[in-house]
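Below, each chain spelled out in residue letters.
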Amino acid sequence: MRDQQLEITSEFTEPIGDATNLYAGRLSPSTLIATAQSTEFLFPTRRVDNAPGIEPSAYGESLDALSDLVIHSNDVTYDIFDYLGRNNVVGLLVLKDSQVVCERYELGVNPMTPWMSMSMAKSVSTSLVGAAIRDGYIGDISDPLSAYMPKLRSGVYADVPIADLLQMTSGVEWSDVHTDPNSDRRHMLKLQLEQCPGAIIEYLNSRPRRARPGEVWNYSTGETHLVGALVKAATGKWPSEYLSEKFWKPMKAEQPAEWWLEATEGLEFAGAGICATLRDYVRFVQYFMSQADSREGSVLPDGWVETATSPLVESEAGRHYGYMWWPVSDADGNFRDGAFSARGIFGQYIYANPLNNIVIGVISARAKPRYSEVIADDDFFRSAIDHLT
């Protein structure tokens, strides 16, 4: 159980749902909210320790900075109340120049509520690869995965470079549709529910090849599981342990976090399953962004932040991708402000705009894993940047 270091309580007592119905988008609104703040009870977890003696900052709930915000999305205008209500947002936190300008929670959620990361964990996991390069555990992203994980030498990932894993351009076939019970993603969930150590990696290594490494982008939560395995193989440390050491403690996280495991005492589920507060998700991205400046004591290699968040590859649908970060263009389709986001299903986002030194965190409880929003979240982020600058 996590430590409660701030006396804010919730009377929310709805029973939680199960993982299969969660991913299928078959939970009632109240059950989804209860489950999203209790995901550490769905699977075994490992703790991500924060530094001792950290006191939570004061909570002064306010939407004043965004009360006059006009959001332009699909030729319709909305306000901040539309965004919160129509997109089922339960937490919003906005920082400008490292200062809180807006913090608001809904539906029983509060600053100390742990919330599911879903795929925001992918951006965290690839950042650990950067830290491992900085620490000398990994030589270069051009190295093949099999140089660190000999068990991959006989399978489809034998010749895949680390760079292609980070960009999801391995060329390995994978279907990541959460609501399709026959997809690879749902089979991966089944293996996680069975709690058999190593089963997910065996399944990944048995997939067919779709293209040569570097030729095709294909979104794959399975690839992120290999990122976690790479971190463990290279550093000898569990990803949660290494996350605590390189980020959670130095960034002064207010609360410890939890991270799902593939099995009891097994590997972390690197593609999802971090359970942390909105404040600490935002703090992670703010700390990550601060590592862009080369200096003594940096936890990431020189140039990593800029490269990892750049539009390195483009999908067939025109979406851009970095090292499991999503670059976000401005309204004209340009990336000049260096904006990027970590994002997860059901409406989890941490957006960062380095040019304007703004970080926006959003946690939500949307009806389905994808496409339940009324207002495009990137449109909200762009409108908020225009409003605050």
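Up top is the structure these notes are about.
Bear in mind the structure is a predicted one, so any value in this text is a computation, not a measurement. (Residues numbered from 1 in each chain as written. Predicted model: local features only at pLDDT ≥ 70, side-chain atom pairs only at ≥ 80, totals over all residues. Heavy atoms only, no water.)

Colleague: Quick one: what's the story with unusual backbone geometry, residue by residue and with numbers?
Modeller: Phi is positive for Asn74, close to 55 degrees, though the residue is something other than glycine. Structurally, Asn74 is set in the loop between strand E2 (71-73) and strand E3 (76-78). We classify Asn74 as exposed; its relative accessible area is 63%. (Helix = DSSP H or I, 4+ residues; strand = E, 2+ residues; numbered from the N terminus. Buried < 20%, exposed > 50% of the residue type's maximum accessible area, 1.4 Å probe, protein only.)

Colleague: Give a description of the nonpolar core that names residues and reports values.
Modeller: Counting residues in hydrophobic clusters, the biggest one holds 102 residues, and the most contacted among them are Val129, Tyr157, Leu243, Phe284 and Trp304. Setting aside residues no more than four positions away along its own chain, Tyr157 makes contact with Leu145, Leu152, Leu165, Ser170, Val172, Leu204, Asn205, Glu223 and Leu226. Leu84, Ile360, Ile375 and Leu388 belong to the second-largest nonpolar core, a separate cluster that totals 25 residues. (Core = buried A, V, L, I, M, F, W, Y, C linked by side-chain atoms within 4.5 Å. Contact = heavy atoms within 4.5 Å.)

Colleague: I'd like a description of empty space enclosed by the protein, backed by residues and values.
Modeller: Inspection of every chain in the model, using the stated rule, returns 2 cavities of 30 Å³ or more. Within this model, the largest cavity holds a volume of roughly 40 Å³. Lining the largest cavity are Met120, Val124, Tyr281, Phe284, Val285, Ala342 and Ile350. Listed by contribution, the elements that provide at least two residues to the lining of the largest cavity are helix H4 (120-134) and helix H10 (278-290). Per-element tally for the lining of the largest cavity: the top contributor is H10, with 3 residues. Looking at side-chain class alone, the lining of the largest cavity contains 7 nonpolar, no polar and no charged residues. In this structure, the second largest cavity is lined by Tyr23, Met118, Ser119, Lys122, His178, Arg185, Gly271, Ala272 and Ile345. Each residue belonging to the lining of the second largest cavity can be placed in one class, and the counts come to 4 nonpolar, 3 polar and 2 charged. (1 Å grid on protein atoms, 1.4 Å probe; cavity = no way out; pocket = protein on both sides within 12 Å on 5 of 7 lines; lining within 4 Å. Points joined across faces, edges and corners; volume = space filled by probe spheres on them. Nonpolar A, V, L, I, M, F, W, Y, C, P; charged D, E, K, R; others polar.)

Colleague: Talk me through the pattern of salt bridges; I want residue IDs and the actual numbers.
Modeller: Per the counting criterion, the structure on display carries 19 salt bridges. Here Glu258 makes a salt bridge to Arg47, at a shortest N to O gap of 3.2 Å. Within this pair, whereas Glu258 is found in strand E7 (residues 257-260), its partner Arg47 is found in strand E1 (residues 45-48), the two being separated by 211 residues in sequence. Classification of Glu258 by relative accessible area gives buried; the value is 7%. Asp378 serves as the salt-bridge partner of Arg343, at 3.1 Å between the closest nitrogen and oxygen. Of this pair, Arg343 sits in strand E12 (residues 340-344) while Asp378 sits in helix H12 (residues 377-388); the two residues are 35 residues apart in sequence, bridging distant segments of the chain. Each member of the pair Arg343 and Asp378 is classed as buried. Taken together, the shared-partner salt bridges connect Glu103, Glu254, Arg279, Asp280 and Arg283 into one network. (Salt bridge = Lys/Arg side-chain N within 4 Å of Asp/Glu carboxyl O.)

Colleague: Outline the layout of surface pockets, supporting the account with residue identities and numerical values.
Modeller: In this model, the largest pocket occupies a volume close to 1000 Å³. Lining the largest pocket are 35 residues, and of these Arg319, Trp326, Arg343, Arg370 and Tyr371 sit closest to its centre. Secondary-structure elements contributing two or more residues to the lining of the largest pocket are E12 and H12. Examining the composition of the lining of the largest pocket, we find that 4 residues originate from one element, H12, more than from any other. Residue composition of the lining of the largest pocket, by class: 12 nonpolar, 10 polar and 13 charged.

Colleague: Quick rundown of the packing of aromatic side chains? Include the residues and the values.
Modeller: As enumerated under the stated definition, the model contains 22 aromatic pairs in all. Ring plane angle 25 degrees and centroid distance 4.5 Å describe the contact between Phe288 and Trp325, whose orientation is recorded as stacked. Highlighted residues: Phe288 in helix H10 and Trp325 in the loop between strand E10 (320-321) and strand E11 (326-327), separated in sequence by 37 residues. Like Trp325, Phe288 is buried. Relative to Phe381, the ring of Tyr349 lies with its centre 5.7 Å away and its plane at 65 degrees, an arrangement referred to as edge-to-face. With Tyr349 in strand E13 (residues 348-353) and Phe381 in helix H12, the pair connects residues that are 32 residues apart, well separated along the chain. The pair formed by Tyr349 and Phe381 is uniform in burial state, with each residue classed as buried. Here the aromatic residues Phe247, Phe284, Tyr287, Phe288, Trp325 and Phe340 are joined through ring pairs into a cluster of three or more. The ring centre of Trp238 lies 4.0 Å from the NZ or CZ of Arg46, which sits over that ring. (Phe/Tyr/Trp six-rings, centres within 6.5 Å; stacked < 30°, edge-to-face > 60°. Lys NZ or Arg CZ within 6 Å of the ring centre and 35° of its normal.)

Colleague: I'd like to hear about the pairing of E1, residue by residue, with values.
Modeller: A one-sided burial pattern is seen for E1, the buried positions being Arg46 and Val48 and the unburied ones Thr45 and Arg47. With 4 bridges joining them, E1 and E7 adopt antiparallel strand pairing. Among the inter-strand pairings, Arg46 is bridged to a residue of E7, identified as Trp259. (Pairing = 2+ DSSP bridges.)

Colleague: Provide a residue-level description of the packing of H4 against helix H8 (residues 221-235), including the pertinent values.
Modeller: The geometry of H4 relative to H8 is characterised by a closest axis approach of 10 Å and an angle of 30 degrees between their N-to-C directions. Judged by the angle between their axes, H4 and H8 are roughly parallel. The chirality of how H4 crosses H8 is left-handed. Residues Lys122, Ser125, Thr126, Leu128, Val129 and Ala132 of H4 pack against Thr221, Thr224, Val227, Leu230, Val231 and Thr235 of H8. (Axes fitted to C-alpha atoms, helices over the stretch in contact; angles between N-to-C directions. Parallel < 35°, antiparallel > 145°, perpendicular 65-115°, else oblique. Left-handed = near helix turned anticlockwise from the far one by under 90°.)

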